[in-house]
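Report on the structure
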Amino acid sequence: LKQPFPVCPAAALNVKSYALITKQAHNVSFSLFPSSTLNHPFAFSECPPLGLESLKVKDSQIQASSYKRMGLGPHRGRLNIQSGVEDGDIYDGAWCAEYKDQNQWLQIDAKKLTRFTAVILQGRGSIWSLDYVETFKVQVSNDTIKWKPCMNATEEAVFEGNKDSETPVLAILPEPAVAQYIRINPQTWFKNGTICLRAEIMGCELPDPNNIYPWQAEEGTKDKLDFRHHNYKEMRKLMKSVNEMCPDITRIYSIGKSYMGLKLYVMEISDNPGKHELGEPEFRYVAGMHGNEVLGRELLLNLMEYICQEYKRGNQRIVHLVEETRIHLLPSMNPDGYEMAYKKGSELAGWSLGRFSYEGIDMNHNFADLNTIMWDAIELETDKSKLINHYFPIPEHYTSEEAMVASETRAVIGWMQTIPFVLSANLHGGELVVTYPFDMTKDWAPKEHTPTPDESFFRWLATVYASTNHVMSDPDRRPCHNEDFLRYNNIINGANWHTVPGSMNDFSYLHTNCFEVTVELSCDKFPHASELPIEWESNKESLLVYMEQVHRGIKGVVKDRDTEAGIADAIIKVDDIDHHIRSAFDGDFWRLLNPGDYDVTVTAEGYFPATQSCRVEYEHYPTICDFHLTKTPKQRLREILAKGGKIPKDLQLRLRQLRIRKLRARPVNYV
């Protein structure tokens, strides 16, 4: 752009170098530093974002010179805010001025004296419109009456803005400005569009000399944890340090590799790591399926630190959890995507950079679609007794090497098939809601409530997390983007939000015994490091209490009545719930259920079925329901003949009785 005044190019950060503006009269020069000299993309500024994206900045703190309509009001001028499907509703994707002139502005009240250091700008988020600001000015004030422009030496600075509507662009102020208010004043914009923008402001809050009790304003947590963003090497280092601190209860293992060869590390936490203990349920948390949704990754790293520390301190709640549960934490399912987002930084990664695998696969849609197989079978099968409702096999075409299945997805499926998980949660970001299966609609509708047979328990699981999360449970919080989940108490059936074929939640439910929900942890997919202590405090209780739900319902061991050996793959059926589970390789099982009385039937090949009533109480421990099954005469005969043994008399008598009964049951043909 050629301007009659000097333009301050926004420091568009990239992987290779970072530009720091140095002041020169009537000109701008750049000091280039290789990325190796900076520990993090935001090393250029010690100041964090004010919180437009994270909603720390309230709607009342944002004003504008004008706006087209409510859906494009100043409260929508937040970095990465997402619009609804249709333009024209109350949830549009930017602040848009009513008029096209250079007198328009978006104003943010920081509430306190702040040292402003940078502005980040983004165009309008819309699938129908293309609007963005190409150049802009910045002014600051302490009273909104007198405004001081950002100067580039002796001239008013003009900053380069966006060249598209999605890529965030950073503009560093030539000199930090101390004030309470800051304005963004667009000068030019996309010629076929209008004045629309989304923004974030970088600034350091200055100490208030009138506050004689400064500690009362402190936010965060008392837990001494490593609150920062960890790249792959740093994540591995932290996990290693936790393992060294608590070697008796932790173990690090890998379930496979990403496309780029990064290992998918898991932290196991148990009083007997490395071994499945009879009767002890297996639990997992998975984070980072979308590499740019990073909060779950940091929360799981904090969680393993916290459990280790509290276990050593003798915290009885944590001790009980570790001794009674085998916990598996996978902090990064998509490490390749994370590394891409990390190199840009928390405010510059945009909405989608790093979401997909290195191959461009969205792992949230990459698991085998077993829902369609199930629904097709229900529709086509005339003999309903032949239908299955669990442990659906994976189609052959999905397992072939040519199938578009990410290596990370294959690794997680192998992990699911190896360990008898009972309960799981998949941690995402970009919203504040907990979703539960099914995630896919039955007839490919865009959205429709599509419950599982375990709807009531899934709603309980989702409510447990949402109701104990500090931000979700705040009745005064505003919606993140374009959905008001407060109306649903911050939980929703996944398919009733938007249909997701091939989700991990649905696959887990239909292919294994494991119940799984998705937790959308924050409006901001990549929170600034300064916000991590607050996010930990908001989610800590939710993470713990959700894990404890693995002990709800019934558990037991299915054994052979004669040998006391555990029976693997026994089918556990609960009356009136059309979804069965199976016993693990030692014969133990866990069936998640809400409090109530249940008739439970267990069947296994070669055994007579057995039924008993089991009562689930409200206490936080499972009801023990063990089963001893008796072999059928045919099964006993097979085993004896296989070993070359002699048939005992009682079995001979039993087989003779069965033959006589069969003959009597045959119809008689009269001539």
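A brief report on the enclosed structure follows. Quick caveat: nothing in here was measured; it's all calculated off a predicted structure.

1. Observations regarding the overall build of the protein
Within the protein, the secondary structure is distributed over 13 helices and 29 strands. By the burial criterion, 57% of the 671 residues in the protein qualify as buried. Long-range contacts, defined as pairs at least 24 residues apart, comprise 75% of the intrachain contacts of the protein with a sequence gap of at least 6. On the protein, roughly 30,300 Å² of surface is accessible, and the fraction owed to carbon and sulfur atoms is 51%.

2. Topic: the pairing of strand β19 (residues 433-436)
The two faces of β19 match: V433 and T435 on one face and V434 and Y436 on the other face are all buried. One ladder, built from 3 bridges, connects β19 with strand β21 (residues 515-520); its direction is antiparallel. Directly across from V434, in β21, lies its bridge partner V519. In this structure, β19 lies alongside strand β20 (residues 491-493), joined through 3 bridges in parallel fashion. Bridge pairing in β20 links Y436 to N493. What joins β19 to β20 is helix α8 (residues 455-468), and the crossover it makes is right-handed.

3. Observations regarding the pairing of β21
For β21, a buried count of 6 out of 6 residues is recorded, marking the element as mostly surrounded by other parts of the structure. Side chains F515, V517 and V519 project from β21 onto one buried face, and the interleaved E516, T518 and E520 project onto a second face that is buried too. Pairing between strand β18 (residues 421-428) and β21: 6 bridges, direction parallel. Within the sheet, the bridge partner assigned to N426 lies in β21 and is T518.

4. A few points about the packing of helix α2 (residues 295-313) against helix α11 (residues 532-548)
Between α2 and α11, the least distance of the axes is 10 Å, while the angle of their chain directions is 70°. Accordingly, the angle class assigned to the pair α2 and α11 is roughly perpendicular. Our pair here, α2 against α11, has a crossing hand that is right-handed. Residue-level inspection shows L295, E298, L299, N302, L303, Y306 and I307 of α2 in contact with α11, the latter providing L532, E535, W536, N539, K540, L543, L544 and M547. Tallied by class, the residues present in the contact of α2 with α11 amount to 10 nonpolar, 2 polar and 3 charged.

5. Structural notes on the sheet that holds strand β24 (residues 577-582)
With respect to topology, 4 strands assemble into an open sheet ordered β24-β23-β26-β27, the strand pairing being antiparallel. Two strands bound the open sheet, and with one partner strand each, they are β24 and β27 (610-616). Taking the axes of each pair of neighbouring strands and ignoring which way they run, one obtains an average angle of 30° across the sheet. In the sheet, strand β23 (residues 571-574) pairs with β24 via 3 bridges, with the strands oriented antiparallel. Within β24, the position partnered with I572 by the bridge is I581.

6. Here's the deal with the pattern of salt bridges
Scanning the model with the defined rule gives 27 salt bridges in all. Of the charged contacts in the structure, one is a salt bridge between E166 and R198, with a shortest N-O distance of 3.3 Å. Residue E166 is located in the loop between β11 (158-160) and β12 (169-189), and its partner R198 is located in strand β13 (residues 196-205); the two are separated by 32 residues in the primary sequence. Assessed through its relative accessible area of 35%, E166 is described here as partly exposed. Residue classification places R198 among the buried positions, given a relative accessible area of 0%. The salt bridge involving R355 is made with D362; its shortest N-O contact spans 3.0 Å. Several salt bridges converge on common partners, so that one network encompasses R69, D92, R124 and D131.

7. A closer look at a negative patch on the surface
A cluster of acidic residues, D376, E379, D443 and E448, forms a negative patch on the protein surface. Summarising the element assignment, E448 is placed in the loop between β19 and α8.

8. Details of the nonpolar core
Counting 97 residues, the largest nonpolar core has Y285, F367 and W415 as its most contacted members. By residue number, the principal contributor to this core is α2, which donates 9 residues. Contacts of Y285, omitting those with residues within four sequence positions, involve L300, L303, H328, L329, L330, A425, L427, Y465, S542, L543, Y546 and M547. Residues V57, A64, V138 and I201 belong to the second largest nonpolar core, which totals 31 residues.

9. Considerations on helix α5 (residues 370-380)
For α5, the complete set of buried residues consists of L370, N371, M374 and W375. Each buried residue of α5 lies within a common arc of 130° when the element is viewed along its axis, so the set occupies one face. Turned more than 90 degrees away from the buried face of α5, the exposed residues are E379 and L380. A side-chain oxygen of the first residue of α5 lies 3.2 Å from the backbone nitrogen of N371; this N-cap is D369.

10. Observations concerning the sheet that holds β18
Taken in spatial order, the 8 strands of this open sheet run β14-β15-β17-β16-β18-β21-β19-β20, and their pairing is mixed. With one partner strand each, in any of the chains shown, β14 (250-257) and β20 form the two edges of the open sheet. On average, adjacent strands in this sheet sit at an angle of 20° to one another, irrespective of strand direction. In this structure, strand β15 (residues 263-269) lies alongside strand β17 (residues 326-330), joined through 3 bridges in antiparallel fashion. Bridge assignment links E268 to a residue of β17, and that residue is H328. Its contacts with the sheet put α2 on β15, β16 (282-287), β17 and β18, and the angle it makes with β16 is roughly 140°.

11. Some words on the packing of aromatic side chains
Inspection of every chain in the model, using the stated rule, returns 21 aromatic pairs. Taking 5.0 Å as the distance between ring centres and 20° as the angle between the ring planes, the aromatic pair formed by Y132 and F190 counts as stacked. Of this pair, Y132 sits in the loop between β6 (106-122) and β7 (133-141) while F190 sits in the loop between β12 and β13; the two residues are 58 residues apart in sequence, bridging distant segments of the chain. Residue Y132 shares its accessibility class with F190, and that shared class is buried. Pairing F438 with Y509 gives two aromatic rings, centres 5.9 Å apart and planes at 75°, and the pair type is edge-to-face. Here the residue F438 occupies a position in the loop between β19 and α8, and Y509 occupies one in helix α10 (residues 504-511), the gap between them amounting to 71 residues. The residues F438 and Y509 share a single accessibility class, namely buried. The lysine or arginine in question, R284, covers the ring of F421, its NZ or CZ lying 4.8 Å from the ring centre. A cation over a ring is seen here: R297 above Y338, with NZ or CZ 3.5 Å from the ring centre.

Procedures and definitions
- Residues numbered from 1 in each chain as written.
- Predicted model: local features only at pLDDT ≥ 70, side-chain atom pairs only at ≥ 80, totals over all residues.
- Heavy atoms only, no water.
- Helix = DSSP H or I, 4+ residues; strand = E, 2+ residues; numbered from the N terminus.
- Buried < 20%, exposed > 50% of the residue type's maximum accessible area, 1.4 Å probe, protein only.
- Contact = heavy atoms within 4.5 Å.
- Areas by Shrake-Rupley, 256 points an atom, 1.4 Å probe, with all protein chains shown as cover.
- Pairing = 2+ DSSP bridges.
- Right-handed = clockwise from strand over helix to strand, strands pointing away.
- Axes fitted to C-alpha atoms, helices over the stretch in contact; angles between N-to-C directions.
- Parallel < 35°, antiparallel > 145°, perpendicular 65-115°, else oblique.
- Left-handed = near helix turned anticlockwise from the far one by under 90°.
- Nonpolar A, V, L, I, M, F, W, Y, C, P; charged D, E, K, R; others polar.
- Salt bridge = Lys/Arg side-chain N within 4 Å of Asp/Glu carboxyl O.
- Patch = residues over 30% accessible without salt bridge, like charges linked within 9 Å, V, L, I, M, F, W, Y side chains within 5 Å.
- Lys, Arg positive; Asp, Glu negative; His and termini not counted.
- Charge placed at Lys NZ, Arg CZ, Asp CG, Glu CD.
- Core = buried A, V, L, I, M, F, W, Y, C linked by side-chain atoms within 4.5 Å.
- Arc of directions from axis to C-beta.
- Polar contact = N/O pair within 3.5 Å; in protein donor to acceptor, adjacent residues only side chain to side chain.
- Phe/Tyr/Trp six-rings, centres within 6.5 Å; stacked < 30°, edge-to-face > 60°.
- Lys NZ or Arg CZ within 6 Å of the ring centre and 35° of its normal.

So far we have only geometry, and geometry alone does not tell us how the molecule works.
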